[in-house]
Amino acid sequence: MRKTSISFLLLCASAFAQKPADLIVSAGTVLTMDAGHRAISNGAVAISGGRILAVGPKAEIVKSFRAKSRIDRPGAILLPGLINAHTHASMSLLRGLADDVNLVTWLREFIFPAEAKNVDREFVRWGARLGMLEMLLGGTTTYTDMYYFEDDIAEVTKQAGMRGVLGQTVIGFPAPDYKTPEAALAATEQFILKWKNDPLITPAVAPHAVYTNSPETLHAAAQLADKYGVPFLIHVSETKPEDVPIYERHKKSAIRLLADNHAIARRSVFAHGVWISPEDRPLLVANKVGLVHCPSSNMKLGSGQLPLAEFMSLGVRLGLGPDGPAGSNNDFDMFEEMDLAAKLAKVNASDLNAVSARTVVEMATIGGARALQMEGEIGSLEVGKRADLITVSTLGAHATPAHDPYSMLVYSLKAGDVEDVVIEGRTVVRGRKPLTLNVPEILAKAHEIRARVDASIKK
């Protein structure tokens, strides 16, 4: 009787000593993606209030914390959520509309006309939901978007519990939402004021590209971004046919044009950058510009190859993105982007050691955070950071036997191996089941809108 009483008291004392947590997630391997590249066998993460409380061996975490909920994945890799640093989520509803045509033809003859006839608030809401469904199931916890009616996209993103860096598009011709760049800039300022302090939504200014905006508009957009300290998102030097007319008209490159017009903001994020010259590349470092590599898009459009290893050697802030599905890419698969980024870099440099698997996992996590200048909040599993993380199963035949986890994530594992997704401490996917999105409703609506789009382009 006395021994039973003592054991009970010790158990109570141990429970009392434990700190409360909302959630503990454990896995066979934890990749922290911190500065020390710490990898923990049989590790765990404790979470409370949307933040990371502790990262360490599972035995220590379980002993130290008492959680309301647990996710245990001994046959999985646990790592920070993937950061999609460049996309157009609502274009999921235009998926496959015009494949195998060059960028200029694709935009001017297919996409811009289809958008003019179809894009409205309902379109962007359902398109964003469809895009987020795919992204969440593929382990993306933060996505960087450029599109129209971005306030509506922000609302459905927050409802889904996803993190978004969302840029209201500014473009030099009548768009589906605003008919002039001036109107778009005014609306963007209101968009920023509404969302600036939201824990999940980071508003941004998004002039479409150098060739679709005047130098005056680009300057005004950069000034607006700097006024509020928000990101400035823009396509830069994606294709050679896009860059040549800029040089012929202005007698300078796209980046020089931006720099000379004071149109490089303090938090600039350039998408693509395939044709940025060696002479202009130091400007990226000097201005702390984030550059987003989009290998699938660059390949599919025949845009060229980004010399990734060369940009890395300069210390450019590099992230990864799939671009938008509708010609430039037909999915949001960040696992595919990691695989292609590593392999294309080897081909481009004729060097199998040009870019390692670990390096591209960094680009998809902490690297993407650096490109967005959000590395203090997301991108790695460290105490105090926002609790965005995923588990990826290693139990499939294509993942067996398991050796180096970075190699597996890049060369073996797929988006379909993602099991759980946690964003801001909230479980939004568990056991591959989305918890915040109505899958049948989204798919039905996508088919309905697709029929409407098809009918409109046949007129």
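For every chain, the first residue of its written sequence is number 1, and the numbers climb from 1 along that sequence. Reporting of local features is limited, given that this is a predicted model, to residues whose pLDDT is at least 70; pairs of side-chain atoms are given and counted only at 80 or more, and all residues count toward the totals for whole chains, interfaces and linings. Side-chain metrics in this entry use all non-hydrogen atoms of the structure; hydrogen atoms and water are not considered.

Run through helix α17 (residues 439-457), naming residues and quoting values.
A run of DSSP states H or I qualifies as a helix once it reaches four residues; a run of E qualifies as a strand once it reaches two. Both are numbered from the N-terminal end. What a helix should span is 1.5 Å times the count of its residues minus one. The end-to-end C-alpha distance of α17 is 27 Å, a good match for the 27 Å that 19 residues give at a rise of 1.5 Å each. For α17, the set of buried residues is Ile-442, Lys-445, Ala-446, Ile-449, Val-453 and Ser-456. End-on, the buried residues of α17 take up no more than an arc of 110 degrees, which puts them together on one face. Across from the buried face of α17, at angles greater than 90 degrees, the exposed residues are Pro-440, His-447 and Arg-450. Between two residues, a contact is recorded if the distance between any of their heavy atoms is within 4.5 Å. The inward-facing, buried residues of α17 abut α3 (103-118) and α4 (121-137). Its side-chain oxygen 3.1 Å from the backbone nitrogen of Glu-441, Asn-438 forms the N-cap of α17. Using a 1.4 Å probe on the protein chains alone, a residue whose accessible area is under 20% of its type maximum counts as buried, one over 50% counts as exposed, and one in between counts as partly exposed. The directions from the helix axis to the C-beta atoms form the arc being described. Whenever two N or O atoms come within 3.5 Å, that pair is a polar contact, provided that in protein one can donate a hydrogen and the other can accept it, and provided that, for residues adjacent in sequence, both atoms are side-chain atoms.

Outline the packing of aromatic side chains, listing residues and values.
In this analysis, rings of Phe, Tyr and Trp, with Trp reduced to its six-membered ring, are considered paired at centre separations within 6.5 Å, and the interplanar angle assigns stacked below 30 degrees, edge-to-face beyond 60, and tilted for intermediate values. Scanning the model with the defined rule gives 2 aromatic pairs in all. Taking the centre distance of 5.0 Å and the plane angle of 65 degrees together, the rings of Phe-112 and Phe-173 count as edge-to-face. With a gap of 61 residues between them, Phe-112 in helix α3 and Phe-173 in the loop between β7 (163-170) and α6 (181-195) connect regions that are remote in the sequence. Here Phe-173 falls in the partly exposed class, since its relative accessible area comes to 28%. Ring geometry for Tyr-147 against Tyr-148: centres 4.9 Å apart, planes inclined by 50 degrees, an arrangement best described as tilted.

Run through the pattern of salt bridges, naming residues and quoting values.
Put simply, a salt bridge is a Lys or Arg side-chain nitrogen that is within 4 Å of an Asp or Glu carboxyl oxygen. Scanning the model with the defined rule gives 32 salt bridges in all. Among the ionic pairs, Lys-252 bridges to Asp-260, the shortest N-O distance being 2.9 Å. A relative accessible area of 24% means that Lys-252 is categorised as partly exposed. A relative accessible area of 45% places Asp-260 in the partly exposed class. For the salt bridge of Arg-281 with Glu-310, the shortest nitrogen-to-oxygen distance reads 2.7 Å. With Arg-281 in helix α10 (residues 281-286) and Glu-310 in helix α12 (residues 308-314), this pair connects stretches of sequence that are 29 residues apart. Within this structure, Arg-51, Arg-163, Glu-377, Arg-386, Asp-388 and Glu-424 form a network of salt bridges that share partners.

Requested: an account of the side chain of Ser-90, with residues and values cited.
Looking at where Ser-90 falls in the secondary structure, it is placed in the loop between β5 (82-87) and α3. Using a relative accessible area of 0% as the deciding quantity, one classes Ser-90 as buried. A polar contact of 2.8 Å, which involves the side chain of Ser-90, links it to the backbone oxygen of Val-124. A distance of 3.4 Å separates the side chain of Ser-90 from the backbone nitrogen of Ala-128, its partner in a polar contact.

Would you mind going over unusual backbone geometry in detail, with residue names and values included?
Here the bond from Thr-400 into Pro-401 is cis, since omega is -5 degrees, no more than 30 degrees from zero. A positive phi is found at Gln-373, a non-glycine position, where the angle reads about 55 degrees. Relative to the assigned elements, Gln-373 resides in the loop between α15 (366-371) and β13 (389-393). Backbone geometry at Glu-424 places phi at a positive 55 degrees, although glycine is not the residue there. Mapped onto the elements of the fold, Glu-424 is located in the loop between β14 (418-423) and β15 (426-430).

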